[in-house]
Amino acid sequence: MSADADTAAHTPTIVLVGHGMVGQRFLEALADRGVTGRARIVVLCEEPRPAYDRVQLTSYFSGKTPDDLSVVGAGFMAEHGIELYVGDAAASVDREARTVTARSGRVFAYDTLVLATGSYPFVPPVPGKDARGCFVYRTIEDLLAIEEYAKTATTGAVVGGGLLGLEAAGALKGLGLETHVVEFAPRLMPVQVDEGGGAALLRTIERMGLGVHTGTGTQEVVTADGAVTGMRLSDGSELAVDMVVFSAGVRPRDQLARDCGLAVGERGGIAVDELCRTSDPAVFAIGECALAVDGRVYGLVAPGYEMAQTVAAVLSEGAEEAGDGFTGADMSTKLKLLGVDVASFGDAHGTAEGCLDVVYADSRSGVYKKLVVDREGVLLGGVLVGDADSYGLLRPLTGTVPPVSPEQLVLPAGAGAPVALGPSSLPDDAVICSCHNVTKHAIGQCSSLAEVKKCTKAGTGCGSCVKVIEKLLPAPTDRGLCRCFSYGRSELYEIARTLRVTSFAALLDSHGRPEARGGEGCEVCKPTVGSILASLNNGYILDGEQASLQDTNDHFLANMQRNGSYSVVPRIPGGEITPDKLIVIGEVARDYGLYTKITGGQRIDLFGARVDQLPAIWTRLVDAGFESGHAYGKSLRTVKSCVGQTWCRYGVQDSVKMAIHLELRYRGLRAPHKLKSAVSGCARECAEAQSKDFGIIATANGWNLYVGGNGGATPRHADLLAQDLSDAELIRLIDRFLMFYIRTADRLERTSTWLERLEGGLEHLKDVVVHDSLGLCDELEALMAAHVDAYRDEWAQTLDDPERLRRFVSFVNAPDAPDPSVRFVPERDQIKPDLTFLTLEGVASR
Amino acid sequence: MTTLELSLSPGSWMAVCEESRLTPGRGVAALLPDGRQAAVFRDRSGRTYAIDNRDPFTGAQVLSRGLVGSADGRPFVASPLLKQRFDLETGRCLDDEEVAVAVYPVRAVQLDPALS
Ligand code: SRM
Ligand SMILES: Cc1cc2nc3c(=O)[nH]c(=O)nc-3n(C[C@H](O)[C@H](O)[C@H](O)COP(=O)(O)OP(=O)(O)OC[C@H]3O[C@@H](n4cnc5c(N)ncnc54)[C@H](O)[C@@H]3O)c2cc1C
Ligand code: SF4
Ligand code: FES
């Protein structure tokens, strides 16, 4: 530890206890205001991982990983010099000495202490509550434990029918359990909805197959051998269940504050003033652990964010300049799960004096809507069950007189008079995103949803405002490829094919947007059209005008790396390679000092070649029998294989032989996006064929063909297209499939997204390529045959032609000079790019 | 024969290469006497442009290897690394107002074969 107190210029220290959603927002607010540069910031984070999106916790069960849920930007802590202690909690506070002692024994002196310790789930003190099979629903660890236990369970119950309880019930149902909900109050979601809403909700939830028990409490958790076997309810009935999730409300985590003598509320919560100061002015409390001046503890994230902003403002500008601080917030909520829309906002229970209700109820369809207005017609709040589409719109209208009558607002679309109420009728200062307090005006400054999210954060919280945001943005006006073409890729393909267009300039000048004709095109359409022309004409891609269309990587038949050097990837069909060839790769890499790595595609990548070295490197590779691996092209990458029948005791076909055959057949085929394949020798699937654009799995009778698989950012399992094919049938079907895809897909659309979008989906695809419903198959096969015939290795062709080789120089005016800016430094016995050197502005040639 | 020349300071020109070395729509890099690098381009209509070769977003000397395009009638090059576009006439980055690269005057000089 440094003796920082002794140094002349004392750097103030802010200690944050609790790294939840509000804690992280507080850190961001400090960074935005430049406080991170002036103060030392220490964060104690009790959970085993940095802050994550608790609001979206349940999405873990629909495939989000804990990493997806993180709310901390990569590099955020390092960039702002924040010290984060993950897995270490504050154990005690000494306010006299101004120190915090952590469970690990670390002691931190603070000038300012901020408590953001959140809440803990309340578990009613019923017998059996600690048995094996009892859970709460608050952290990622809770969900992991629930998921694990559910594997051996068949029935579950959730104690508590509030917002979170219903989310938890949805999750149990999703895990395949028969699920019950037990709620003490006479209706579900008692805090948010009124009686009528509760009744509509009950019907919908029961229809989904959940057992609902309202108006009854949990008396005991019945156990055998320390594990849950059932529940006894206060109405005398018993439920046989294997697991219980308690979701009976939360309590503020104020123990740390109590122990050090800070004022807390009668029913818990660390008491704070408008500026979130506790009874000790050096200590603040924010988020769910704080008892706000209006006497409430807010169990929602938006009020916590406001508190975080308030404290950051106090710390950077001082109490006088910090504005009004936090005086209270509205409790609007929308349930996100279960397929039922439930929302409540503003004064949902109509507690204001003299207010009126406008109600629409349709118990058949489970729809219930209530709006609360005052005598002047000002909208005060409402409850929406079964159809909450108008939530995003009504919430911002709260506090105003809506432009149409409340009756019209609750009627379903199509019933009664048409309602001309869109987001455009909202006032400019209406808050559209309540999670991030973003107004309609601020959203109007942006032109796309991505921009809105980036600039205002709106839509990145609970997401319930996204629909309204989309309506506020200018409609995506056309589906054209880019600013040069109003046609999409597949339309351009058809134009080029039927009109036999063979040059980009001709296509642009005849079919481009009027304002783009005669121009240069752009970085989007040039490579796209280049790829279409290559798919249709099968020629060498770097001659004449074609040369100007290719992306940089195609232009140099190699992939550019971050320092301007290139990678070299020879094709290794099926991943099979002889020792002699391996030695050649090793020798080339050694002689040119290239970084060598086995790729995820079962081949070897050599990194760090200068553009002027590429021809010499490839000369040696081509001489040894290698070809381009097309790692740069939107074309076939690899056909991975497992070792298959030849060696493997389970194999039923020769998967390596088939993989090599397919890789050689489709190599060099230009497509809308890259193509990947794999062949497994049996159903154990060691080659991961079902994650490929076309994947093949051997059966005792032949081959099963799967299509439309994808790894990458949005993985998709491939769909089975046909079974038990012979070698010839398999190849014919793949020929048709690939050509149909090339013909109809959009730019940069992998087969997975294409198949998802294809009208009629897999069935339609089967009709076209298996049953030839469009009579296209002959043509598709002929196109593929033409490709196979015309294939030439691009690198061999390039090396054969001095004219083509002329572009491979670093400098046109000094062909022999290597580029001095491409430099490397050593790492683990190999090289890596010298990036520090690149950041020096205006580097000279030394 | 037509030679492309580039000006580093007013009034002084240095030869870069023959015009025919430039494929319309693509660029080449030239090494300057002080160690800097220039990216020289030619568009479909035969106009030539030169800007600094260093991509300010990554520090790599690669702008000459980007794709040439036009937007609203103005020519640009898109960096091959992270695709930011630079106006070839002004050097201004079209995707980030605060960034620009240097621009060099270029001219095509017709050498009379009889004299050369
Ligand atoms: C080298 C390699 C990583 C490695 O060291 O293992 C790699 C490297 C790159 N991948 Fe990859 N991918 C590599 C295997 C994979 C795999 C695994 C596989 O093929 O089995 C995947 C997931 C499978 C899939 O694609 O479905 C993969 C999914 C991606 C994606 C996401 C694609 C998607 O549909 O979501 C991209 C981005 C893109 O293409 O838009 C990408 C893009 C890239 C690029 C081209 C990024 C770029 O533009 O610079 C990298 C350049 C490679 C180079 O310079 O040579 N790479 N990449 C692997 C080369 C395999 C090969 O031999 O050709
Ligand atoms: C399933 C679920 C769904 C939800 N849905 C919504 C929703 O739709 N809308 C909405 O507005 N809200 C929702 N919430 C509530 C929302 O998540 C909370 O309001 C919000 O997370 C509160 O943030 P916080 O930072 O105050 O507390 P937390 O996120 O609970 O963070 C507090 C952190 O402090 C840590 N901590 C506690 N004591 C110590 C200590 N002594 N030392 C170090 N660390 C400590 C805790 O481990 C925790 O990580 C939901 C909550 C759950 C569980
Ligand atoms: S997929 Fe089957 S044949 Fe291939 S290696 Fe695995 S177990 Fe063996
Ligand atoms: S209202 Fe929650 S993200 Fe906008």
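Up top is the structure.
It should be emphasised that the depicted structure is a prediction, and the values quoted were computed from it without experimental measurement.

1. Observations concerning the overall build of chain A
- Along the backbone of chain A there are 29 helices and 38 strands.
- Looking at the 846 residues of chain A, the share that counts as buried comes to 52%.
- Total accessible area computed for chain A in this model is approximately 36,700 Å², and 50% of it derives from carbon and sulfur atoms.

2. Observations regarding the sheet that holds strand β14 (residues 227–233) of chain A
All names here are of chain A.
- Here 3 strands make up an open sheet; going across it, the order is β13-β14-β15 and the pairing antiparallel. Strand pairing shows two members of the sheet lacking a second neighbour, β13 (218–224) and β15 (238–240), which therefore form its edges. Neighbour-to-neighbour, the strand axes of this sheet turn through a mean angle of 25°, independent of strand direction.
- Pairing between β13 and β14: 6 bridges, direction antiparallel.

3. Regarding the sheet that holds strand β9 (residues 103–104) of chain B
- In space, the 4 strands of this open sheet follow the order β3-β4-β5-β9 (chain B), with antiparallel pairing throughout. The sheet is open, and its two edges are formed by β3 (27–31) and β9 of chain B, each paired on a single side.

4. Focus: the nonpolar core
Residues and elements named next belong to chain A.
- With 64 residues, the main nonpolar core has Phe485, Phe694, Leu705 and Leu765 as its most contacted residues.
- Broken down by element, this core gets its largest block of residues, 10 residues, from helix α23 (residues 727–744).
- Those residues in contact with Leu765 that sit more than four places away from it in its chain are Val707, Leu721, Phe737, Phe740, Trp754, Leu755, Leu758 and Val770.
- Ranked by size, the runner-up nonpolar core spans 57 residues in total, among them Leu16, Ala29, Val314 and Phe326.

5. A word on the state of the cysteines
Residue and element names in this part refer to chain A.
- Under the defined criterion, the tally for this structure stands at 0 disulfides over all chains.
- Looking at the unpaired Cys289, the closest cysteine sulfur is the one in Cys276, lying at 9.6 Å.
- Residue class for Cys289 comes out buried when judged on its relative accessible area of 0%.
- The closest cysteine sulfur to the non-disulfide-bonded Cys522 is located on Cys482, 3.8 Å from its own sulfur.
- By relative accessible area, Cys522 is classed as buried at 8%.

6. Some details on the site of ligand 1
Residue and element names in this part refer to chain A.
- In the vicinity of ligand 1 lie 20 residues, with Gln561, Gly600, Arg603, Lys674 and Gly711 positioned nearest.
- Measuring from an oxygen atom of ligand 1, one finds a backbone N or O atom of Gly600 at 2.5 Å.
- For ligand 1, an oxygen atom lies 3.2 Å from a polar atom in the side chain of Lys640.

7. Things to note about the interface of chain A and chain B
- Facing 45 residues of chain A, the contacting portion of chain B comprises 37 residues.
- Carbon and sulfur atoms make up 51% of the surface buried where chain A meets chain B, a total of about 3,200 Å² over both sides.
- At the boundary of chain A with chain B, the tally comes to 3 salt bridges.
- When the shortest N-O distance is used, the salt bridge between Arg44 of chain B and Asp509 of chain A registers 2.5 Å.
- Between the two partners, chain A and chain B, sit 16 residue pairs in polar contact (both at pLDDT 80 or more).
- When residues of the side of chain A that touches chain B are traced back to their parent elements, those giving at least two are α16 (504–511), α17 (525–537), α18 (546–549), α19 (552–555) and α29 (835–839) of chain A.

8. Notes on helix α21 (residues 614–623) of chain A
Residue and element names in this part refer to chain A.
- Of all the positions in α21, only Leu614, Pro615, Ile617, Trp618 and Leu621 are classed as buried. In a view along the axis of α21, the buried residues occupy a sector of 160°, so they form one face of it.
- On its buried side, α21 packs onto β29 (566–568), α20 (579–592), β31 (604–609), α27 (794–799) and α28 (802–805).
- Phi turns positive, to about 95°, at Gly625, one or two residues after α21.

9. Some remarks on the pattern of salt bridges
All names here are of chain A.
- By the definition in use, this model includes 49 salt bridges over all chains.
- A salt bridge links Arg750 to Asp693; the shortest N-O distance between them is 3.0 Å. Taken together, the residues Arg750 in the loop between α23 and α24 (751–757) and Asp693 in the loop between β33 (675–680) and β34 (694–699) connect sequence positions 57 residues apart.
- Arg750 gets classed as buried once you look at its relative accessible area, which sits at 11%.

10. Remarks on the side chain of His673 of chain A
- Tracing the backbone shows His673 of chain A in the loop between α22 (655–666) and β33.
- The exposure class assigned to His673 of chain A is buried, which follows from its relative accessible area of 15%.

11. What about unusual backbone geometry?
All names here are of chain A.
- Not every positive phi belongs to a glycine, and Met189 is a case in point at roughly 45°.
- Looking at where Met189 falls in the secondary structure, it is placed in the loop between β11 (178–183) and α7 (195–207).
- One non-glycine residue, Arg500, adopts positive backbone phi at about 50°.
- Among the secondary structure elements, Arg500 is positioned in the loop between α15 (489–498) and α16.

12. As for helix α1 (residues 21–32) of chain A
Residue and element names in this part refer to chain A.
- Here α1 is 12 residues long and its end C-alpha atoms lie 16 Å apart, about the 16 Å a rise of 1.5 Å per residue gives.
- For α1, the buried fraction is high: 11 of the 12 residues fall into the buried class.
- Positive phi appears at Gly34, one or two residues downstream of α1, with a value of about 75°.

13. So, the pairing of strand β7 (residues 112–115) of chain A
Residues and elements named next belong to chain A.
- Covered by surrounding structure in β7 are Thr112 and Val114 together with Leu113 and Leu115, the residues of both alternating faces.
- With 4 bridges connecting them, strand β1 (residues 13–17) and β7 associate as parallel partners. Directly across from Val17, in β7, lies its bridge partner Leu115.
- As paired elements, β7 and strand β19 (residues 283–285) share 3 bridges and run parallel to each other. Residue pairing in the sheet places Leu113 in a bridge with Val283 of β19.

14. A closer look at the packing of aromatic side chains
Residue and element names in this part refer to chain A.
- If you walk through the whole model with that rule in mind, you get 16 aromatic pairs over all chains.
- Each ring, one from Phe135 and one from Tyr149, has its centre 5.5 Å from the other, and the planes form 65°; the classification is edge-to-face. Note that Phe135 is positioned in strand β9 (residues 134–136) and Tyr149 in helix α5 (residues 140–150), a separation of 14 residues in sequence.
- Phe135 gets classed as buried once you look at its relative accessible area, which sits at 14%.
- By the ring-pair criterion, three or more aromatic residues cluster together here, those being Phe556, Tyr566, Trp618, Trp795 and Phe808.

Definitions and limits used
Residues numbered from 1 in each chain as written. Chains lettered and ligands numbered in written order. Predicted model: local features only at pLDDT ≥ 70, side-chain atom pairs only at ≥ 80, totals over all residues. Heavy atoms only, no water. Helix = DSSP H or I, 4+ residues; strand = E, 2+ residues; numbered from the N terminus. Buried < 20%, exposed > 50% of the residue type's maximum accessible area, 1.4 Å probe, protein only. Areas by Shrake-Rupley, 256 points an atom, 1.4 Å probe, with all protein chains shown as cover. Pairing = 2+ DSSP bridges. Axes fitted to C-alpha atoms, helices over the stretch in contact; angles between N-to-C directions. Core = buried A, V, L, I, M, F, W, Y, C linked by side-chain atoms within 4.5 Å. Contact = heavy atoms within 4.5 Å. Disulfide = S-S within 2.5 Å. Near = heavy atom within 4 Å. Polar contact = N/O pair within 3.5 Å; in protein donor to acceptor, adjacent residues only side chain to side chain. Buried area = accessible area lost by both parts, 1.4 Å probe. Salt bridge = Lys/Arg side-chain N within 4 Å of Asp/Glu carboxyl O. Arc of directions from axis to C-beta. Expected span 1.5 Å × (residues − 1). Phe/Tyr/Trp six-rings, centres within 6.5 Å; stacked < 30°, edge-to-face > 60°.

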